[in-house]
Amino acid sequence: MYSWMDKIRAVEPYVPGEQPKDSKIIKLNTNENPYGPSPRIKDMSLDTNMFRKYPDPRAGLLVDKLAEYHNLKPEQVFVGVGSDDVLAMCFMTFFNSGKKILFPDITYSFYDVWAEMLRIPYERKPLDKDFKIVKEDYYTENGGIVFPNPNAPTGILVSVDFIEDIVKNNPSSIVIIDEAYIDFGGETALPLIDKYDNLVIVRTFSKSRSMAGLRIGYAMSNPVLIKYLNDVKYSYNSYTMNMPSLILGSEIIDDEEYFVNTVNKIINTRDRFTAALERIGFSVLPSKTNFVFAAHKDIPAKEIFDKLKDRKIYVRYFNAPRIDNYLRITIGTDEEMDRVISELLQICSATK
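Residues numbered from 1 in each chain as written. Predicted model: local features only at pLDDT ≥ 70, side-chain atom pairs only at ≥ 80, totals over all residues. Heavy atoms only, no water.

### As for empty space enclosed by the protein
Then, in step 1: Under the defined criterion, the tally for this structure stands at two cavities of 30 Å³ or more.
Then, in step 2: The calculated volume of the largest cavity comes to roughly 60 Å³.
Then, in step 3: Around the largest cavity, the lining residues are G36, P37, S38, S208, R209, S210, I252, D255, Y258, F259 and T262.
Then, in step 4: Sorting elements by how many residues they give to the lining of the largest cavity places helix α7 (residues 256–279) first, with three residues.
Then, in step 5: Among the residues forming the lining of the largest cavity, the class breakdown is four nonpolar, five polar and two charged.
Then, in step 6: Taken together, F131, K132, I133, P148, N149, N151, I156, L157 and V158 make up the full set of residues lining the second largest cavity. (1 Å grid on protein atoms, 1.4 Å probe; cavity = no way out; pocket = protein on both sides within 12 Å on 5 of 7 lines; lining within 4 Å. Points joined across faces, edges and corners; volume = space filled by probe spheres on them. Helix = DSSP H or I, 4+ residues; strand = E, 2+ residues; numbered from the N terminus. Nonpolar A, V, L, I, M, F, W, Y, C, P; charged D, E, K, R; others polar.)

Okay, structure coming up:
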């Protein structure tokens, strides 16, 4: 045992979905958008001379565009390198009371990783038997609250009224709502930031905007909380956003027609795929995301996961309590999802 070992900050890291190199697989394990980003950015040329300079630490080009899009003031918007970066900044900034922060027991598994890394005490509140958040569990003393809406990996949405009840019952805590999947059929809680000074809404370009590779996330709140976030950012890493992300991210916001069309295609495919799964013996939780969470009535999820992988179809399996018989399946193109159903029919028939 080396003397320096006990001084290392050791954590159990977040494990992202597998990123296979084989281009011939159907990749449905990381909730990526099957459609490319807006075609209006394909022919954009970037002046490479700009790369010799540091980017604008304020990220003004993107901040101003997002503020305009959401009918906010620029001082109500904070941007970062994907919503993971934004959420990590929120944890560092707002969760410092020494009291336990609260989040669901089945949710985005990065939350407990950040809490462990930053030495923030936390408590997981169990979802009910239908995998729904119990809002009354959050009406207790705490150091902050965070959860996705819709939740992940369940895909279940709660109403804006539900969120408002939690926010107004926690006036002394910051409540963070992670809206990574809100565009796929949910109603945003964004209007509540004008009513409550303790609410932060976090979004990403990785899902509905199909720009996971550029890493763009943002938070929206009142100017006071956004200033605190920026103060931490400038003290930690002033130049978080690179120039291509700022330029391309700003440009893509203007193509609303493409954004709406691709989101609707995913929603329609999701609903059709859900019905097909149910016809072959799966139960599927009601999803308002770009994925479904499904369990077969007879065949263990791990067995299906392995057999799909053998057929070059990658989905996500979580070896965790209560959800170890479920698969999370990202919604791809219609052709991809038809292939999944075809392979599942063969798997189910061979297992009978």
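The discussion continues.
### Quick word on helix α8 (residues 301–310)
Then, in step 1: Residues of α8 that are buried: A301, I304, F305 and L308. Looking straight down α8, one finds its buried side chains confined to an arc of 105°; they lie on one side. (Buried < 20%, exposed > 50% of the residue type's maximum accessible area, 1.4 Å probe, protein only. Arc of directions from axis to C-beta.)

### What to know about the packing of α7 against helix α9 (residues 334–351)
Then, in step 1: It is the contact of α7 with α9, at a shortest axis distance of 10 Å, that shows an interaxial angle of 10°. In this view, α7 runs roughly parallel relative to α9, as classed from their interaxial angle. Mapping the contact onto sequence places T269, R272, F273, A276 and L277 in α7 and D334, M337, D338, V340, I341 and L344 in α9.
Then, in step 2: Of the residues assigned to the contact of α7 with α9, the class counts are seven nonpolar, one polar and three charged. (Axes fitted to C-alpha atoms, helices over the stretch in contact; angles between N-to-C directions. Parallel < 35°, antiparallel > 145°, perpendicular 65-115°, else oblique. Contact = heavy atoms within 4.5 Å.)

### Describing the packing of aromatic side chains
Then, in step 1: Using the criterion set out here, one finds 16 aromatic pairs in the structure.
Then, in step 2: The rings of F91, F95, F103, Y108, F110, Y111, W114 and Y122 are connected pair by pair, giving a single aromatic cluster.
Then, in step 3: Seen from the ring of Y69, R209 lies directly overhead, with NZ or CZ sitting 5.1 Å from the centre.
Then, in step 4: The ring of F291 has R328 lying over it, and the distance from NZ or CZ to the ring centre is 5.7 Å. (Phe/Tyr/Trp six-rings, centres within 6.5 Å; stacked < 30°, edge-to-face > 60°. Lys NZ or Arg CZ within 6 Å of the ring centre and 35° of its normal.)

### Comments concerning the packing of helix α1 (residues 60–69) against helix α6 (residues 243–252)
Then, in step 1: At a minimum axis distance of 8 Å, the contact between α1 and α6 shows a crossing angle of 20°. Considering the angle they form, α1 stands roughly parallel to α6. For the pair α1 and α6, the crossing hand works out as left-handed. Side by side, α1 and α6 meet where L61, L62 and K65 of the first sit next to L246, I247, G249 and S250 of the second.
Then, in step 2: Residue composition of the contact of α1 with α6, by class: four nonpolar, two polar and one charged. (Left-handed = near helix turned anticlockwise from the far one by under 90°.)

### Some remarks on the pairing of strand β6 (residues 175–178)
Then, in step 1: Side chains of β6 alternate between two faces, with V175 and I177 and I176 and D178 buried alike.
Then, in step 2: Strand direction decides the pairing type here: strand β5 (residues 145–148) and β6, joined by four bridges, are parallel. From the neighbouring strand, F147 faces β6, where its bridge partner is I177.
Then, in step 3: Crossover handedness for the path β5 to helix α4 (residues 160–168) to β6: right-handed.
Then, in step 4: One ladder, built from four bridges, connects β6 with strand β7 (residues 199–204); its direction is parallel. For D178, the partnering residue across the bridge sits in β7 and is V202. (Pairing = 2+ DSSP bridges. Right-handed = clockwise from strand over helix to strand, strands pointing away.)

### Details of the pattern of salt bridges
Then, in step 1: Scanning all chains against the criterion turns up 22 salt bridges.
Then, in step 2: Residues E32 and K27 are paired through a salt bridge, measuring 2.7 Å at the closest nitrogen-oxygen approach.
Then, in step 3: The closest approach of N and O atoms between D338 and R272, which form a salt bridge, is 2.9 Å. Here the residue D338 occupies a position in helix α9, and R272 occupies one in helix α7, the gap between them amounting to 66 residues.
Then, in step 4: With relative accessibility at 40%, the residue R272 sits in the partly exposed group.
Then, in step 5: Overlapping salt bridges bring together K135, D165 and K168 as one network. (Salt bridge = Lys/Arg side-chain N within 4 Å of Asp/Glu carboxyl O.)

### Details of the pairing of strand β8 (residues 217–220)
Then, in step 1: Where burial is concerned, the two faces of β8 agree: the one with G217 and A219 and the one with Y218 and M220 are both buried.
Then, in step 2: Of the strand pairs in this sheet, β7 and β8 are connected by four bridges, and their pairing is antiparallel. When the bridges of β8 are listed, R203 appears paired with Y218.

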